[in-house]
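# Coordinate inspection notes
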Number of protein chains: 2
Amino acid sequence: MSTPTPQGPARNRILATATRLFYSEGVHTVGIDRIIAEAAVAKATFYHHFPAKDELVRAYLEAEFARQRGAIDALRAAIGDPIATLVKIFEGLGDNGASAAFRGCPFTNAAAEYPDPAHPVRQTIAEYRRWSHTLFHDLLAGSGHPDADRTATILMMIRDGIVVGSDLDDPKALRPAIGEAVDRVLQR
Amino acid sequence: MSTPTPQGPARNRILATATRLFYSEGVHTVGIDRIIAEAAVAKATFYHHFPAKDELVRAYLEAEFARQRGAIDALRAAIGDPIATLVKIFEGLGDNGASAAFRGCPFTNAAAEYPDPAHPVRQTIAEYRRWSHTLFHDLLAGSGHPDADRTATILMMIRDGIVVGSDLDDPKALRPAIGEAVDRVLQR
DNA sequence: GAGAGACTAGACAGACCTGTCTGGTACTGT
DNA sequence: ACAGTACCAGACAGGTCTGTCTAGTCTCTC
């Protein structure tokens, strides 16, 4: 089969399967039955680990959040210079968006399916977005940028534009515009 | 009640109700039964006008597309100068995003619920996005901009960032950054 | 006044949804 | 040896989904 059953303990198999299906097909369209079938897990086991589907959605986003934090921490440590790090982050967004499996931002996509801003899933999304903004802000401030807060807000726009555009438009046409966009926003 | 039954012939009532519900709550979460109830229309009448729910989703997006085209045409005719028009469009995006009912871009939100790029709904979305890019491109080219195509792509990023950010972040914090973002992208 | 077309009310089929529950197996630590 | 935990298979309840269908009303036009 094209998608073999994930290995390891049941909880990991559930989360790995949910991540793949939620991201590629959406949260509401993918049912619990399908997840437990493809994760090769009993229904009781699923509800043992996740009290409700929304908890699984939250766990899926939290795991993606942690993954991104880890990747960014590694990048910051490896590069050092804040502006070079920023440029690398945006190049990475373009590379990622050009991959075949790319389906947009997991957080933005999930938000479209959870309209209530008070919902726990939306709160995880809000935390992710605050972290993203803070990341840009800190990198700019670390380079001595005179207008770090507003520039971080504009970089958030570019970020959102890359992930939306890579999904809905032609990623290959988008890619060469990324470096230029960052340069103009940073007024280099 | 807070949302009175729309007036006019059945098809209009269906489309008006669907527009309100699809936009505010999402496409998959809102069922046909709810639309026909709130539009005060019989089920047979619904299926007389729309052969399937997806056709209604398409009609909802097509109507929004036509509405935006009309608004932009009026703006272009009223203002004349292409760069002033561009600035006004982005100010309008910010104003719109700050309104209480704002829930993001109908097209981007719908795309999150239709992962298959070959789906008719996705084709309508793709048309809308091509039109948006062409709009920016033509306004830039009309002002003699030397790099209209790439700059239009970057303006698309800003556009997506405004609608996503207005929905998921604080629209009031975003708003003052919009003019600055456009200025930097246009290198003014 | 006859027929066409838009409409209403609502039952129904068949699928799918989440979440609960029963009952049983296997492993682990004490 | 025994308790606790993780796990399995799968039936089940109660609800919702889309789409079909029957049967009848109203209004307009010719």
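What you see as residue numbers is a count from 1 along each chain, following the sequence as written. Chains and ligands are labelled sequentially in the order written, the chains with letters from A and the ligands with numbers from 1. Reporting in this predicted model follows two pLDDT cut-offs: at least 70 for local features of residues, and 80 or more for side-chain atom pairs to be given and counted; totals over whole chains, interfaces and linings ignore these cut-offs and use all residues. To obtain the side-chain values, all non-hydrogen atoms of the structure were used and water was disregarded.

This part is about the overall build of chain A. A tally of helices and strands in chain A yields nine helices and zero strands. Strands here mean DSSP runs of E at least two residues long; helices mean DSSP runs of H or I at least four residues long; both are numbered from the N terminus. When the helices and strands of chain A are listed from N to C terminus, the series reads α-α-α-α-α-α-α-α-α. The dimensions of chain A, computed from C-alpha atoms along their principal axes, are 55 × 35 × 30 Å. Only protein chains enter the accessibility calculation, which uses a 1.4 Å probe; a residue whose area is less than 20% of its type maximum is buried, one above 50% is exposed, and one in between is partly exposed. The 188 residues of chain A split such that 49% are buried. Sequence separation of 24 or more characterises 64% of the internal contacts of chain A that already satisfy a separation of 6 or more. To measure how exposed things are, a 1.4 Å probe is used in the Shrake-Rupley method; for residues, cover is taken only from the protein chains shown. As displayed, chain A has an accessible area near 8300 Å², and 54% of this comes from carbon and sulfur atoms. Only four residue types enter the tally: Lys and Arg on the positive side, Asp and Glu on the negative side, with His and both chain ends excluded. Note that the charge is assigned to NZ on lysines, CZ on arginines, CG on aspartates and CD on glutamates. Across chain A, 21 positive and 23 negative side-chain charges occur, with their mean positions spaced 3 Å apart. Note on contacts: a residue pair is in contact if any heavy atoms of the two residues lie within 4.5 Å.

What follows concerns the UniProt feature "DNA-binding region" (unreviewed entry) in chain A. UniProt positions are given in the numbering used here, feature names are shortened, and annotations may be inferred rather than shown by experiment. UniProt records the feature "DNA-binding region" (unreviewed entry) for residues 31-50 of chain A in the present numbering. The straight-line gap between the two end C-alpha atoms of residues 31-50 of chain A is 14 Å; of that span, 70% is helix and 0% is strand.

Let us now look at the protein's contact with DNA strand D. Being near a molecule or strand, for a residue, comes down to having at least one heavy atom within 4 Å of it. In the neighbourhood of DNA strand D, 18 residues make up the surrounding shell, with R13 and H49 of chain A together with I32, K43 and K53 of chain B lying closest. Sugar plus phosphate: this is where 55% of the atoms of DNA strand D within 4 Å of the protein reside. Any pair of N or O atoms that falls within 3.5 Å is considered a polar contact. Within protein, one atom must be able to donate a hydrogen and the other to accept it, and sequence-neighbouring residues count only if both atoms are side-chain atoms. In the environment of DNA strand D, a base oxygen lies 2.6 Å from a nitrogen or oxygen atom belonging to the side chain of K43 of chain B. Per element, the largest residue contribution to the surface near DNA strand D is five residues, and it comes from helix α3 (residues 43-49) of chain A. The nonpolar class holds Ala, Val, Leu, Ile, Met, Phe, Trp, Tyr, Cys and Pro. Asp, Glu, Lys and Arg form the charged class, and all remaining residues, Gly among them, are polar. Its residues placed into classes, the surface near DNA strand D shows nine nonpolar, four polar and five charged.

Let us look at helix α6 (residues 106-113) of chain A. Along α6 of chain A, eight of the eight residues are buried, which leaves the element largely enclosed by surrounding structure. By the burial criterion, the buried members of α6 of chain A are P106, F107, T108, N109, A110, A111, A112 and E113 of chain A. Looking at the buried positions of α6 of chain A, the neighbouring elements they touch are α1 (10-25), α4 (53-79), α7 (120-142) and α8 (148-168) of chain A together with α6 (106-113) and α8 (148-168) of chain B.

Before going further, it helps to spend a moment on the interface of chain A and chain B. Between chain A and chain B, the residue contacts involve 39 residues of the former and 39 residues of the latter. Between chain A and chain B, the buried area comes to about 3400 Å², and carbon and sulfur atoms account for 64% of it. Accessible area, probed at 1.4 Å, shrinks when two parts are joined; the buried area is that loss added up over both. Contact with chain B buries area across many residues of chain A, yet M157, L168 and R184 of chain A alone supply 23% of it, more than any other trio. Every case where a carboxyl oxygen of Asp or Glu lies within 4 Å of a side-chain nitrogen of Lys or Arg is listed as a salt bridge. There are four salt bridges connecting chain A and chain B. When the shortest N-O distance is used, the salt bridge between R129 of chain B and D169 of chain A registers 2.7 Å. Scanning the region where chain A abuts chain B turns up eight residue pairs in polar contact (both at pLDDT 80 or more).

Moving on, we get to the protein's contact with DNA strand C. Taken together, 18 residues lie around DNA strand C, and I32, K43 and K53 of chain A together with T45 and H49 of chain B are the ones closest in. In the interface set of DNA strand C, defined as its atoms within 4 Å of the protein, sugar plus phosphate atoms amount to 55%. Counting residues per element, the ones that place at least two in the surface near DNA strand C are α2 (32-38) and α3 of chain A together with α1 (10-25) and α3 (43-49) of chain B. Ranked by the residues each element gives to the surface near DNA strand C, the list is headed by α3 of chain B, at five residues.

The criterion for an aromatic pair is that two Phe, Tyr or Trp rings (for Trp, the six-membered ring) have centres within 6.5 Å, with stacked assigned to planes under 30 degrees apart, edge-to-face to planes over 60 apart and tilted to the rest. Enumeration according to the criterion identifies 18 aromatic pairs over all chains in this entry. Note on F65 of chain A and Y128 of chain A: the rings are 5.5 Å apart at their centroids and 85° apart in plane angle, and the pair reads as edge-to-face. With a gap of 63 residues between them, F65 of chain A in helix α4 and Y128 of chain A in helix α7 connect regions that are remote in the sequence. Ring plane angle 35° and centroid distance 5.9 Å describe the contact between Y128 of chain B and W131 of chain B, whose orientation is recorded as tilted. Taken together, the positions of Y128 of chain B and W131 of chain B, both in helix α7 (residues 120-142) and three residues apart, correspond to about one turn of that helix. Each member of the pair Y128 of chain B and W131 of chain B is classed as buried. Members of the aromatic cluster, each reached through a chain of ring pairs, are F65, F107, Y128 and W131 of chain A. Look at NZ for Lys and CZ for Arg. If either is within 6 Å of the ring centre and within 35 degrees of the ring normal, a charge sits over the ring. Across from the ring centre of F65 of chain B, 4.1 Å away, lies the NZ or CZ of R69 of chain B, which sits over that ring.

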